[in-house]
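Coordinate inspection notes
What follows is each chain in one-letter form.
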Amino acid sequence: MKQIITLFSFCLLCSTTALAESETQIPPAPPIEPVNATASPAPTVTIEQTNYAAYQLSPGDALEITVWKEEGLQQLQILISPDGTIIFPLIGTVGAAGKTITELKDNLTSRLADYISDPSISVKLLNNQGNSVFVIGKVNKPGQVFSGRRMDVLQALSLAGGLTVFAKEGSISIIRRTGDQVKVFPFDYSDVIDGEDLEQNILLEPGDTVTVP
């Protein structure tokens with residue numbers, strides 16, 4: 001009986017020693033640093049300063065124009081007409097399509113200087129719905145596609161969700177209407193993806209229609 005107790009005590013001592021050794025081999029977990037829940041948010045960036053600095057205005061775009069300290073010329077919301085112009089008080093018709101926001105602001109400032117001493121003007125782009133194309137046919141998201149800058153055919157197809165499995169990749173075309181004239185540009189998706197005939201991947205104009213049969 002005494003031998004059994006001695007053997008049991010020896011086994012218990014071995015187990016305790018092994019457990020102690022295994023615990024010393026496991027490094028303590030690093031402390032968890034608390035998350036700063038009150039961190040300051042990222043600064044707000046305006047359209048005019050960043051994404052749309054090089055954007056060329058298009059018919060259908062909406063603008064907000066303010067002439068500081070001039071009553072009646074505060075936060076005027078103006079839509080660029082189909083012919084690419086806007087009508088502004090005092091100076092009348094002003095070309096806007098094809099210009100950047102900065103170029104339009106400089107033009108307005110120059111022309112208003114004949115009527116207002118040292119005018120200070122702010123121009124904001126409210127929406128860019130004039131810069132859109134249409135992608136129709138066998139794409140995953142057919143319809144009107146908007147972009148903050150000029151896009152090429154591949155980019156438009158990507159924004160439309162890409163081609164479906166039933167699309168005829170070699171028979172895509174771009175339809176462009178200029179006045180009474182209609183131009184059609186062929187586009188072979190497979191060739192362009194393979195790096196061939198890249199000149200087919202043209203920059204689209206606002207109002208272009210990409211058709212995917």
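What comes next is a walk through the structure. Predicted, not measured: the structure shown is a model, and the values here were computed from it.

Criteria and cut-off values
- Residue positions within a chain follow its written sequence, with the count starting from 1.
- In view of the model being predicted, local features appear only for residues whose pLDDT reaches at least 70, and side-chain atom pairs are presented and counted only at 80 or more, with totals across whole chains, interfaces and linings using the full set of residues.
- Excluding hydrogens and water, the side-chain values take into account all heavy atoms of the structure.
- In the cavity and pocket records, a cavity denotes points on a 1 Å grid over the protein atoms alone where a 1.4 Å probe fits but cannot get out, a pocket denotes an open set with protein on both sides within 12 Å along at least 5 of 7 lines, and lining residues are residues with an atom within 4 Å of a point.
- Grid points are joined across faces, edges and corners, and a volume is the space filled by probe spheres set on the points.
- Under the scheme applied here, ten amino acids are nonpolar (Ala, Val, Leu, Ile, Met, Phe, Trp, Tyr, Cys and Pro), four are charged (Asp, Glu, Lys and Arg), and all others, including Gly, are polar.
- Between any two strands, pairing holds if DSSP finds at least two bridges.
- Runs of H or I in DSSP of at least four residues are treated as helices and runs of E of at least two as strands, each being numbered from the N terminus.
- To obtain an axis, a line is fitted to C-alpha atoms, over the contacting stretch when the element is a helix, and the angle between two such axes runs from 0 to 180 degrees between their N-to-C directions.
- Any two residues having at least one pair of non-hydrogen atoms within 4.5 Å are treated as being in contact.
- Each salt bridge in this description consists of a side-chain nitrogen of Lys or Arg and a carboxyl oxygen of Asp or Glu lying within 4 Å of one another.
- We call a residue buried when its accessible area falls under 20% of the maximum for its residue type, exposed when it is over 50%, and partly exposed in between, using a 1.4 Å probe and counting protein chains only.

Further remarks concern the layout of surface pockets. Computed from the structure, the largest pocket encloses a volume of approximately 270 Å³. Taken together, 15 residues make up the lining of the largest pocket; nearest its centre are Ser58, Pro59, Ala97, Gly130 and Pro206. Its residues assigned to classes, the lining of the largest pocket shows five nonpolar, eight polar and two charged.

Right, let's talk about the sheet that holds strand 2 (residues 76–79) for a bit. Think of a sheet as strands paired side by side through backbone hydrogen bonds, with each pair either parallel or antiparallel. If you trace the three strands from one edge of the open sheet to the other, you get 2-1-5, paired in antiparallel fashion. Each edge of the open sheet carries a strand with a single partner, namely strand 2 and strand 5 (121–127). Ignoring which end each strand starts from, the neighbouring axes of this sheet average 30° apart. Sheet topology places strand 1 (residues 62–67) next to strand 5; six bridges connect them, and they run antiparallel. Note that in strand 5 the partner of Leu63 across the bridge is Leu125. Those strands touched by helix 2 (residues 101–112) are strand 1 and strand 5, and its axis lies near 140° from that of strand 5.

What follows is about the pattern of salt bridges. Under the definition given, this model contains two salt bridges. Here Arg176 and Asp208 are joined by a salt bridge, their closest N and O atoms 2.8 Å apart. Of this pair, Arg176 sits in strand 8 (residues 172–178) while Asp208 sits in the loop between helix 4 (189–193) and strand 10 (209–212); the two residues are 32 residues apart in sequence, bridging distant segments of the chain. By relative accessible area, which is 1% here, Asp208 ends up buried.

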